[in-house]
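Each chain is listed here by its residues.
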Amino acid sequence: MEQHELEKEMSELGVARYRTKLAQAREKELETAMPIGRRLLAHYLKPFEEEMKAWQTTARSKPGRKHRAIEYLDLLGLDVSCALAARAILDGVAHRKLFTRLCMTVASLVEDEVRYRTLEETDKGLWDTLYKRTSKYGSNKVRRRHIITAMRRVDHEFKPWPQNDKLSVGVVLVDRFAAISGLVNIVNRTTMFNKTRTEVHASQKCMKFLEESHSRDELLAPVYLPLVQEPRPWTSIVDGGFHSKDLHKRVLIKTYDRKYLQELDDYDLSTVFDAINAIQGTPFKINERVLEVFQHYWENNLECADLPQREDLELPEKPEDIATNDEARKVWRRAAAAVNDTNAKSRSERIMLSKVLWIAKKFKESPLWFTSQLDWRGRQYPVSLALHPQGPSLCKGLLLFNEGKRIETKTAEAWLGIAVANAWGHDKLSFDDRVSWVNDNMDMLQAVAEDPYTNNDWHSSDSPWEALAGCFELQGYTQDPENFVSCLPIHQDATQSGLQILSLLLRDPEGAEATNCTPSDEPQDLYQAVADNVIRQLEDLAKAQNEFAKFWLDFGINRGLTKRPCMTRSYNSSHHSCFEYTRDWYQSQSKKNGKELPLGNTWTPCLFLSRIIWRAMEETLTGAMRAMDWFKEVADICCEHDIPIRWTTPVGFPVKQRYTKWNSEVVKTRIGDKIRRHNLRVATDKLDRRKMINALSPNFIHSLDSAAMCATVNTAKMHGVSSFAMVHDSFATVAADSSTLSGAVRASYAEMFSMDLLRDFRDEVQAYLPAGVELPELPEYGDLDPACVINSDYFFN
């Protein structure tokens, strides 16, 4: 496989994918779901509305009987009527439509909108219930049927519009859109039976515009695959990565802010380039033994680890009295909805796994590389579809370093054992205990490697495919320890990167201890500490006879409950997301232990539990909360003076946070999508206060973890490490180099945080503010020495 042929194939695959999406959109009459359809809608919506206003003025001023469409169009704002009409017309622009049928379709959409608004005005409680219930439906037809059925059931009166009047409304809207846009023509055609039929056709102007636009757009979305030749090193933000010109040119840093990209020319980014080039210069290969197992289970539709089922689950059988038994109908609908949700999730997983399998088979006989891209905070991402080093357990299990090293020391041997134990879920044990676990379970691990189909203990591990890859690697090493070349990526993960960074910034000894920044004999478990707090609160409430507290204590609280809320808390996650994580955890655990909530819904009990988790996090993460509050104050002051927030990371990468409001007005119908009204969705100069405030803390943290990654890679590279698999706060290399990488992580963090990064940030932001405007004083610091991470075995472990 030649690289230039591969990159040409990427471009061709992108074209084929775009054309498939276009064909599907046109088949479903959803032209506005495509980018060019959205642009047409945005471009012509405002002129269409102005045209309709002019038509109304003229129609009202004429003597005699008024046009019958006027009274109906007055029931709804022209902005909404025009949005509904334009979308209906453009969605079917590629088809020849009967004029009368299209007019009735347009008028029915307007009528439905009036119907929904009338219901909201007369019975808001019912409307809110119906809106919430139907918002998850993908089809407007299904929503409409559901709502109208419910309205009839409660005898809600809405007098349908007479057919002739509806036709008049539709004719006006379709005729005026055709006149103002020139996109469609209303023509008379004589059929083979010598009958005249009036149709709506796309105009020549429209077809030419669509063809040219689709031809351009299909070239801008290639399917990015791994490379079979080392990517070109980045020497500037526009020079590096892919080799040929067959692909749409990509810049290193992904952002919509063109001014920011131009500003980057003034910065020395050599430190960042060195690290990124080392990462994307690492060759990988497919782990063929893992691929063989994956392919066997997948193609034979066998249950295995975390693979989804190949077929949809069947809906539960409807009860015989579903038409008359309200309770039975509710129970069935709830069960059917759960099955539909599971099937939808499984379908997307199946599609992604099919892509992973295809790519793994395609590249299994050659080394492969992953070109890199950065976001505007400096975070590194591989540019590749489905299979890459930052993927889930299966992707990691399928990838080996192409260039391995022999395991020649007890320390390197221990790192291999630690990686195996971690994949099996024993990452909270001490290093010695993890190695002991591997030695104690060596017979089982060897049996898995010998026959993973019969000996399937690996299915129940924390990271099944990485566990399987570890068994294969362990088998190879034990069979020939002196000559075996180990290529397995050995990952070292941060305990909780965001909270670690906030603790080091504030010199917070309590937060540092909870997140393994300080030395300890065994790894600290933050998630378990918060879970213990939750249990204490539940026990107190249970003593007061709280039924929810009793249920949750009986159900069983574990660290899995608090993991995702804690992971995201330092990134300004909301209470709502905490609730969603709680409900996801409950549904997963319920499948395992068979216990179900006593109530018919999960909302109230899970909301109750999520509030307790939130309180537990506030009590445990006091230093982090203090820092996040300070960042919000800084962002608020910057927004007040309309100043973007800028800072430079310790590796010289300039960050510019600038979330702006958009100049597109939004017309939101009661049932349907948002319609944007202006030509382009272009950012204004006005900052979006909410986004600026909520995003500053997580963006600053992400910029520092990306800087730490760059510093770690460059330090490790100077000491002989050449293979890197990096996932933001999880760094991997071969077992022989893991100690070197471990030292590089700690040295880089110690050096970075020996500086007062929070003060540097404050001073840099202050320099952009008007004279006399002062940022708040820094939050209170503790007495922690950031150099403590050097001696902390479990800082990354």
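Provided above is the structure to which this section pertains.
Residues numbered from 1 in each chain as written. Predicted model: local features only at pLDDT ≥ 70, side-chain atom pairs only at ≥ 80, totals over all residues. Heavy atoms only, no water.

J.: What is the right way to look at the overall build of the chain in this model?
T.: Of the regular secondary structure elements, the chain holds 29 helices and 21 strands. On C-alpha atoms alone, the chain measures out to a radius of gyration of 30 Å, which is about the 28 Å that the 2.2 N^0.38 rule sets for 797 residues. Considered along the principal axes of its C-alpha atoms, the chain spans approximately 100 × 70 × 65 Å. For the chain, the accessible area works out to roughly 38,300 Å², and carbon and sulfur atoms hold 48% of it. Side-chain charges of the chain comprise 104 positive and 113 negative groups, with the mean position of each set lying 11 Å from the other. (Helix = DSSP H or I, 4+ residues; strand = E, 2+ residues; numbered from the N terminus. Rg over C-alpha atoms; globule rule 2.2 N^0.38 Å. Areas by Shrake-Rupley, 256 points an atom, 1.4 Å probe, with all protein chains shown as cover. Lys, Arg positive; Asp, Glu negative; His and termini not counted. Charge placed at Lys NZ, Arg CZ, Asp CG, Glu CD.)

J.: Sorry if this is basic, but what is going on with the pattern of salt bridges here?
T.: Should their charged atoms come close, side chains of opposite charge can pair. Scanning the model with the defined rule gives 30 salt bridges in all. Among the salt bridges present, the one from lysine 550 reaches glutamate 547, with a minimum N-O distance of 3.8 Å. Of this pair, lysine 550 and glutamate 547 both sit in helix α22 (residues 547–555), three residues apart, roughly one helical turn. Take lysine 550: its relative accessible area is 32%, and that puts it in the partly exposed class. (Salt bridge = Lys/Arg side-chain N within 4 Å of Asp/Glu carboxyl O. Buried < 20%, exposed > 50% of the residue type's maximum accessible area, 1.4 Å probe, protein only.)

J.: Hey, could you run me through the sheet that holds strand β13 (residues 490–493) in this one?
T.: Strand pairs in the sheet, formed through backbone hydrogen bonds, run parallel or antiparallel to each other. Across the sheet, which stays open at both edges, the three strands sit in the order β13-β21-β20 with antiparallel pairing between neighbours. The open sheet has two free edges, formed respectively by β13 and β20 (725–726), since each of these has just one partner strand. (Pairing = 2+ DSSP bridges.)

J.: It is not clear to me how the side chain of threonine 371 should be interpreted in this structure. Could you clarify?
T.: Among the structural elements, threonine 371 can be located in the loop between α13 (326–362) and β8 (372–375). Among the residues examined, threonine 371 registers a relative accessible area of 2% and is labelled buried. Looking at threonine 371, its side chain comes within polar contact range of the side chain of glutamine 280, at 3.2 Å. Look past the residues within four positions of threonine 371 in its chain and what remains in contact with it is Leu227, Pro231, Trp234, Gly241, Phe242, Gln280, Tyr381, Pro382 and Val383. (Polar contact = N/O pair within 3.5 Å; in protein donor to acceptor, adjacent residues only side chain to side chain. Contact = heavy atoms within 4.5 Å.)

J.: Help me understand helix α16 (residues 431–440), please; the structure alone is not making it clear to me.
T.: Counting along an α-helix, one turn takes 3.6 residues, and residues three or four places apart therefore face a common direction. Three or more residues of α16 are buried, namely Phe431, Arg434, Trp437 and Val438. One face of α16 carries all of its buried residues, which in axial projection span an arc of 120 degrees. Set apart from the buried face of α16 by more than 90 degrees, the exposed residues are Asp432 and Asp440. Turning to α16, the residues buried within the fold contact α15 (410–423), α17 (442–450) and α18 (464–479). (Arc of directions from axis to C-beta.)

J.: Help me understand the environment of proline 519 in this model?
T.: Along the polypeptide, proline 519 turns up in the loop between α20 (509–514) and α21 (526–543). C-alpha separation for the pair proline 519 and cysteine 206, spaced 313 residues apart in sequence, amounts to 68 Å. Not counting residues within four places of it along the chain, the set of residues in contact with proline 519 comprises Cys788, Asn791 and Ser792.

J.: Hey, could you run me through the packing of α15 against α18 in this one?
T.: The relative placement of two packed helices is expressed as an angle between their axes plus a distance between the axes. Two elements in contact, α15 and α18, have axes separated by 8 Å at closest approach and are oriented at 150 degrees. In terms of axis orientation, α15 runs roughly antiparallel to α18. The handedness of the crossing between α15 and α18 is left-handed. Contact with α15, carried on its side by Glu413, Leu416, Val420 and Ala423, involves Glu466, Ala467, Gly470, Glu473, Leu474 and Tyr477 of α18 and no other residues of that element. (Axes fitted to C-alpha atoms, helices over the stretch in contact; angles between N-to-C directions. Parallel < 35°, antiparallel > 145°, perpendicular 65-115°, else oblique. Left-handed = near helix turned anticlockwise from the far one by under 90°.)

J.: Looking at this structure, I do not really get the packing of aromatic side chains. What am I missing?
T.: A ring pair, where both rings are aromatic, is described by two values, the distance of the centres and the angle of the planes. Counted by the stated rule, this structure contains 36 aromatic pairs. The interplanar angle of 80 degrees and the centroid separation of 5.5 Å between the aromatic rings of tryptophan 552 and phenylalanine 555 together place this pair among those described as edge-to-face. Of this pair, tryptophan 552 and phenylalanine 555 both sit in helix α22, three residues apart, which is roughly one turn of that helix. You can call phenylalanine 555 buried: its relative accessible area is 5%. Cluster of aromatic residues (ring-pair linked, three or more members): Phe294, Tyr297, Trp298, Tyr453, Trp458 and Trp465. Stacked on the ring of tryptophan 376, the Lys or Arg arginine 377 has its end atom at 6.0 Å from the ring centre. (Phe/Tyr/Trp six-rings, centres within 6.5 Å; stacked < 30°, edge-to-face > 60°. Lys NZ or Arg CZ within 6 Å of the ring centre and 35° of its normal.)

J.: What should I look at first to understand the pairing of strand β4 (residues 232–236) in this one?
T.: In the case of a regular strand, side chains alternate between the two sheet surfaces. As paired elements, β4 and strand β5 (residues 239–241) share two bridges and run antiparallel to each other. Residue pairing for β5: arginine 232 is matched across the bridge by glycine 241. Hairpin connection of β4 to β5: two residues between the antiparallel strands.

J.: I keep staring at the environment of valine 655 and nothing clicks. Help me out?
T.: Looking at where valine 655 falls in the secondary structure, it is placed in strand β15 (residues 654–657). On the basis of relative accessibility, which here comes to 2%, the residue valine 655 falls in the buried class. With 44 residues separating them along the chain, valine 655 and asparagine 699 place their C-alpha atoms 9.1 Å apart. Other than its neighbours up to four places away in sequence, valine 655 contacts Tyr260, Trp376, Arg377, Ile645, Arg646, Trp647, Thr649 and Ser703.

J.: Which parts of the structure should I look at to understand a negative patch on the surface?
T.: Judged by side-chain charge, Asp432, Asp433, Asp521 and Glu522 come together as a negatively charged surface patch. In this fold, aspartate 432 is placed in helix α16. What makes aspartate 432 exposed here is its relative accessible area of 61%. (Patch = residues over 30% accessible without salt bridge, like charges linked within 9 Å, V, L, I, M, F, W, Y side chains within 5 Å.)

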